[in-house]
Amino acid sequence: MKNSSTGACCVRLLKTLLGFYPVLLPVTIGCIVFNAIVGSLPSVFMQKVIALVEQSWQDGVWHAVSGQILRLVGLLAVFYLLSLAAGLVFNQLMAIITQGALKKLRVKMFGGMQRLPIRYFDTHNHGDIMSYYTNDIDTLRQMISQSFPQLLVSVVTVVTIFCIMVYYCLWLTLVVLAGGALMTLLIKKIGGGSARYFFRQQTALGKAEGFIEEMMNG
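Everything numeric in this text was worked out from a predicted model, so none of it was measured. (Residues numbered from 1 in each chain as written. Predicted model: local features only at pLDDT ≥ 70, side-chain atom pairs only at ≥ 80, totals over all residues. Heavy atoms only, no water.)

With that settled, the discussion passes to the overall build of the protein. Across its full length, the protein holds seven helices and zero strands. Secondary structure of the protein in N-to-C order comes out as α-α-α-α-α-α-α. Taking contacts inside the protein between residues at least 6 apart in sequence as the whole, the part at least 24 apart equals 80%. (Helix = DSSP H or I, 4+ residues; strand = E, 2+ residues; numbered from the N terminus. Contact = heavy atoms within 4.5 Å.)

The following block contains the structure:
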């Protein structure tokens, strides 16, 4: 139930970001996907270069394979440059989206707070209310600027490498999948427990800030 609720929150956040940036966000996602794919492909060319170097070293015919090696090295350089350029672009765009989205969220929250009845402020500490604008928004900042790009890069990288693995050896791919399934079960178990403690930490932090604001600063 908690996992489905977390997934629903992520989907809702993505919809909110898409509403804020209907053009910039898809462009950023495209750059992230392109960066992940291009960053995964050089491993294939590196394997071919190593195989050609080994063959030329054993046979002693460097001139026969030097052209192929230079072409592959040139392609590797192009892929690395494209990956670097895409990484720079999506990092800049993510910075713009993150800061702009947080500002829009704060403005939206403030507008909603203006419509709340007076009894809401009488029954909630000022520090607890302000924690929504500071701690919770800062958590969203980390999620937007770090978690989403890393998750997308990881997914695209895993899919790309999986296709390469299936192309080279199906049986070794099945062994890796078995190990990945076991790791997923362990991560799910550990992650489910940590999410519960993270929620408690945020709740306790809000109460502590509310107490400090009311009893000390007030």
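Here T98 is to be found in helix 4 (residues 62-114). Note on T98: relative accessible area 2%, which makes it buried. Ignoring anything within four residues of it in the chain, the contact list for T98 reads R141, I144 and S145. (Buried < 20%, exposed > 50% of the residue type's maximum accessible area, 1.4 Å probe, protein only.)

There is a patch of nonpolar side chains on the surface, built from F162, V166, L170, W171, L174 and L177 and spanning about 600 Å² of accessible area. Listing elements by their share of the nonpolar patch, those giving two or more residues are helix 6 (126-168) and helix 7 (170-217). Ranked by residue count, the leading element in the nonpolar patch is helix 7, at four residues. (Patch = residues over 30% accessible without salt bridge, like charges linked within 9 Å, V, L, I, M, F, W, Y side chains within 5 Å. Areas by Shrake-Rupley, 256 points an atom, 1.4 Å probe, with all protein chains shown as cover. Salt bridge = Lys/Arg side-chain N within 4 Å of Asp/Glu carboxyl O.)

It is worth spelling out helix 2 (residues 24-40) at this point. Here helix 2 contains 17 residues, and its C-alpha end-to-end distance of 25 Å stays within 8% of the 24 Å for a straight helix at 1.5 Å per residue. Of the positions making up helix 2, those classed as buried are L25, T28, C31, I32, N35, A36, V38 and S40. (Expected span 1.5 Å × (residues − 1).)

Before going further, it helps to examine the environment of E209. In this fold, E209 is placed in helix 7. What makes E209 partly exposed here is its relative accessible area of 28%. A C-alpha to C-alpha distance of 7.3 Å links E209 and S131, two positions 78 residues apart in sequence.

One finds L13, L17, Y21, L25, C31, I32, F90, M94, I97, A101, I144 and F148 forming the largest nonpolar core, which totals twelve residues. Mapped by element, the contributors of at least two residues to this core are helix 1 (2-20), helix 2, helix 4 and helix 6. Of the residues forming this core, the biggest block, four residues, is contributed by helix 4. The next biggest cluster of nonpolar side chains, apart from the first, holds eight residues, and it includes V38, V49, L52 and F79. (Core = buried A, V, L, I, M, F, W, Y, C linked by side-chain atoms within 4.5 Å.)

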